[in-house]
Amino acid sequence: MATDTTSGAHQAVSACLNEYGGAIGMPQLCGEWFGNQIFWLVVTLLAIFIILSKIALPRIAGVLADRQGAISNDLARAEDLRAEAVEVEKKYEKALSDARAEAQTIIAETKSEIKSQIDDEMASADAEIAVKAAESEKAISEIKAGAIDSVIEVAGDVARDLISAMGAQADRNQVETAVANRMKGRIK
Amino acid sequence: MAAESKAAEGAELVFHPMDQFIVKPLFGDGTVNFFTITNVTLWMALTVLAIAGLMVIGTSRRATVPGRMQSIAELAYGFIRKMVEDVAGKDAVPYFPYIMTLFMFIVFSNFLGLLPAAFTTTSHIAVTAVMAVAVFVSVTVIGFVKNGTGFLGLFWIGAAPLPLRPILALIEVISYFVRPVSHSIRLAGNMMAGHAVIKVFAAFAPMVLISLGIGVVVTPLSILAITAIYALETLVAFIQAYVFTILTCVYLKDALHPHH
């Protein structure tokens, strides 16, 4: 095939190529290319192996381990925070119920305090009222007594005036005694 | 193929579905030697760069809350690591970097190969066979190192009736040695077939330039077919990488725990 030069195409350089550079049969079965392919394949596989095993795979394994660590750390921290939140909530509930109880006792205390104060005030007011009433009674009785004396005096004066009007001289003491006698038993 | 190539100048459809798999030197027209820098070198280097970009540069921030690139890198890491642990067991974890290397190489080669005008390194049996044989040899060595001759218990099925055991042992041994063959051809075959089919449909696409009557039907159909096959190939690119990796894990499990 390499000897055919009449078509003007360049000479085939391989037993697997025709004079136009086209393939004869399957290029896969061309034995003279095997060595070249195998050589470059071995070089390639070695290069890939070194790149992967020295750089890429340890790096990716590290990244994945780091991520796993970060995730489990975050999960643990979230768990801690959750427990803390539960505790805080408990504390809050306790504080709330304590405050309620305290408020109840304060209310009760205040109530009893106010009650005793009211009682005291009532008692003192009662006592004051009693004193005032006694005083008033005394004043009334004094006034009453004063009034009777005045009546007796006025009656005496009237009686003397009447006697003198009738032209007789009235003895002061006599008149008064008579008036007093007359009044006796009528005014208490 | 030579006849078809000659027809390229004429107004005929041109089919070169296999030319995309040709290994050629990047510089000059010389022959392909062992160390020649070829399109294989270029696309394998791009694979290495892409993997380094995703797995090293993508994760360089080491963020606790990952960005897009780092998410994908972590996803790939978790995906393969879980696969190794689930399929091969906890004691297979030391082999995780090797399995990760295989997976990353295959999945990136497959996806880079889907770029238009790209060269698909995993479509070559030479490439997949080397990986499959490497897996086969390592797994066999690990099996004997870890279990001694007990590794041969893999072929001697205690659960079967005694008369059947020699026959089963023969079948097991044959299937064991066929493993690297199926392991490698499955990947290379899938990648090659998909790309070749896309190229065949692509060759039908310019039909409208040759014959308007037929082309009106064939051209849209072939463009639709290219799109559909491309979508399928995107799926296959990942699935074949996954299959290769999970089979590696299954073989490793056999080596670590040879008793059924």
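Conventions used here
Once a new chain begins, its residue numbering starts again from 1 and follows that chain's sequence as written. Note on labels: chains are lettered from A, ligands numbered from 1, in written order. With the structure being a predicted model, the display of local features is reserved for residues of pLDDT at least 70 and the display and counting of side-chain atom pairs for 80 or more, all residues being used for whole-chain, interface and lining totals. Side-chain figures throughout are based on the complete set of non-hydrogen atoms in the structure, without hydrogens or water. Each axis is a line fitted through C-alpha atoms, taken for helices only over the stretch in contact, and angles between the N-to-C directions span 0 to 180 degrees. Numbering of helices and strands runs from the N terminus, with a helix taken as a DSSP run of H or I at least four residues long and a strand as a DSSP run of E at least two residues long. Put simply, angles under 35 degrees are roughly parallel, angles over 145 are roughly antiparallel, angles from 65 to 115 are roughly perpendicular, and the rest are oblique. By convention, the crossing between two helices is left-handed when the near helix turns anticlockwise from the far helix through less than a right angle, and right-handed when the turn is clockwise. Note on definitions: a residue-residue contact is assigned when non-hydrogen atoms from the two residues lie within 4.5 Å. A simple rule labels every residue: compare its accessible area, found with a 1.4 Å probe on the protein chains alone, to the largest value its type can have, and call it buried under 20%, exposed over 50%, or partly exposed in between. In this tally, Lys and Arg are treated as positive and Asp and Glu as negative; His is ignored, and so are the chain termini. Salt bridges are defined by distance alone: a side-chain nitrogen of Lys or Arg within 4 Å of a carboxyl oxygen of Asp or Glu. Ring geometry is summarised as follows: Phe, Tyr and Trp rings, the Trp one being its six-membered ring, pair when their centres sit within 6.5 Å, and such pairs are stacked at plane angles under 30 degrees, edge-to-face over 60 and tilted between the two. Charge-over-ring placement is defined geometrically: NZ (Lys) or CZ (Arg) within 6 Å of the ring centre, and within 35 degrees of the ring normal. Two parts placed together each lose some accessible area; with a 1.4 Å probe, that loss summed over both constitutes the buried area. All residues other than Ala, Val, Leu, Ile, Met, Phe, Trp, Tyr, Cys, Pro, Asp, Glu, Lys and Arg, Gly among them, are scored as polar; the first ten of these are nonpolar and the last four charged. Nine residue types can take part in a nonpolar core, namely buried Ala, Val, Leu, Ile, Met, Phe, Trp, Tyr and Cys, and a core is a set of them joined through side-chain atoms within 4.5 Å. Residues form patches when they are more than 30% accessible in relative terms and have no salt bridge. Like charges link within 9 Å. Nonpolar side chains (Val, Leu, Ile, Met, Phe, Trp, Tyr) link within 5 Å. Only the protein chains shown count as cover for residues, and the accessible areas themselves come from Shrake-Rupley with a 1.4 Å probe. Confidence scores labelled pLDDT are given residue by residue by the predictor and lie between 0 and 100.

**What about the packing of helix H1 (residues 34-165) of chain A against helix H4 (residues 96-113) of chain B?**
In step 1: Axis separation between H1 of chain A and H4 of chain B bottoms out at 9 Å; the angle between their running directions is 120°. Between H1 of chain A and H4 of chain B, the interaxial angle falls into the category oblique. As H1 of chain A packs across H4 of chain B, the resulting crossing turns out to be right-handed. Residue-level inspection shows Leu41, Thr44, Leu45, Ile48, Phe49, Leu52, Ser53 and Leu57 of chain A of H1 of chain A in contact with H4 of chain B, the latter providing Phe96, Pro97, Tyr98, Met100, Thr101, Met104 and Phe105 of chain B.

**Points about unusual backbone geometry**
Residue and element names in this part refer to chain B.
In step 1: One non-glycine residue, Arg62, lies in the positive phi region at around 50°.
In step 2: Looking at the element boundaries, Arg62 is found in the loop between helix H2 (39-57) and helix H3 (68-88).
In step 3: The phi dihedral of Ala117 is positive, around 70°, even though this residue is not glycine.
In step 4: Assignment of secondary structure puts Ala117 in the loop between H4 and helix H5 (125-147).

**Notes on the side chain of Glu233 of chain B**
All names here are of chain B.
In step 1: In this fold, Glu233 is placed in helix H8 (residues 212-256).
In step 2: Buried Glu233, no salt bridge; nearest opposite-charge side chain is Lys199, N-O distance 13 Å.
In step 3: Contact partners of Glu233, with chain neighbours within four places excluded, come to Leu114, Asn190, Met191, Gly194, His195 and Ile198.

**Describing the packing of aromatic side chains**
In step 1: For the structure shown, the criterion picks out 19 aromatic pairs over all chains.
In step 2: Between the aromatic rings of Phe39 of chain A and Trp40 of chain A, the centroid separation amounts to 4.8 Å while the plane-to-plane angle is 70°, which identifies the pairing as edge-to-face.
In step 3: Given a relative accessible area of 15%, Trp40 of chain A falls into the buried group.
In step 4: Among the aromatic side chains, those forming a connected cluster through ring pairs are Phe136, Phe144, Phe151, Phe155, Tyr176 and Phe177 of chain B.
In step 5: Taking the ring centre of Phe96 of chain B as reference, the NZ or CZ of Arg81 of chain B above it sits at 5.4 Å.

**Let's talk about the interface of chain B and chain A**
In step 1: The interface is formed by 52 residues belonging to chain B together with 41 residues belonging to chain A.
In step 2: Summed over both sides, the interface of chain B with chain A buries roughly 4,200 Å², with 74% coming from carbon and sulfur.
In step 3: Three residues stand out in chain B for area buried against chain A, namely Phe34, Tyr77 and Thr101 of chain B, and they jointly supply 13% of the buried area on that side.
In step 4: Here Arg67 of chain A makes a salt bridge to Glu74 of chain B, at a shortest N to O gap of 2.8 Å.
In step 5: Secondary structure elements with two or more residues in the side of chain B that touches chain A: helix H1 (2-6), H2, H3, H4 and H5 of chain B.
In step 6: It is H2 of chain B that provides the largest number of residues to the side of chain B that touches chain A, a total of eight residues.
In step 7: For the side of chain B that touches chain A, a count of residues per class yields 33 nonpolar, 14 polar and five charged.

**Side note on the nonpolar core**
In step 1: Residues Leu52 of chain A together with Met55, Met100, Met104, Phe105, Met131 and Leu252 of chain B are the most contacted members of the largest nonpolar core, which totals 72 residues.
In step 2: Broken down by secondary-structure element, the contributors of at least two residues to this core are H1 of chain A together with H2, H3, H4, H5, helix H6 (165-204) and H8 of chain B.
In step 3: By residue number, the principal contributor to this core is H4 of chain B, which donates 11 residues.
In step 4: Setting aside chain neighbours within four positions, we find Met104 of chain B in contact with Leu52 of chain A together with Ile51, Leu54, Met55 and Ala76 of chain B.
In step 5: Formed by five residues, the second largest nonpolar core is a distinct cluster that contains Ala159, Ala170, Val175 and Val179 of chain A.

**Brief notes about a nonpolar patch on the surface**
Residues and elements named next belong to chain B.
In step 1: On the surface, a nonpolar cluster with roughly 800 Å² of combined accessible area is contributed by Val208, Leu209, Ile210, Leu212, Val216, Val217, Leu221 and Leu224.
In step 2: Where the nonpolar patch is concerned, the elements lending two or more residues are helix H7 (207-210) and H8.
In step 3: Secondary-structure assignment places Val216 in helix H8.

**A closer look at the packing of H4 of chain B against H8 of chain B**
Residues and elements named next belong to chain B.
In step 1: Where H4 contacts H8, the two axes come as close as 8 Å, and the packing angle between them is 165°. The orientation of H4 relative to H8 falls into the category roughly antiparallel. Where H4 crosses over H8, the two elements pack in a sense that is right-handed. Only Thr234, Ala237, Phe238, Gln240, Ala241, Tyr242, Phe244, Thr245, Thr248, Cys249 and Leu252 of H8 make contact with H4, whose side of the interface consists of Ile99, Leu102, Phe103, Ile106, Val107, Asn110 and Phe111.

**Topic: the confidence of the model for chain A**
In step 1: Of all residues in chain A, 91% have pLDDT values of 70 or greater, and the mean over the chain is 87.
In step 2: Low pLDDT (under 50) marks residues 1-9 of chain A, which in the prediction has 11 contacts with non-local residues, meaning those over four places away or in another chain.

**Quick look at the pattern of salt bridges**
Residues and elements named next belong to chain B.
In step 1: According to the stated counting rule, one finds eight salt bridges over all chains in the structure shown.
In step 2: In this structure, Lys82 and Asp86 form a salt bridge, with 2.8 Å as the shortest nitrogen-oxygen distance. With Lys82 and Asp86 both in helix H3, this residue pair falls four residues apart, about one helical turn. Across the pair, exposure class does not vary: Lys82 and Asp86 are exposed alike.
In step 3: The partner of Glu85 in a salt bridge is Lys90, and the shortest N-O contact between them spans 3.3 Å.
In step 4: For Glu85, a relative accessible area of 23% gives the class partly exposed.
In step 5: Three or more residues joined by partner-sharing salt bridges are found here, namely Arg81, Glu85 and Lys90.

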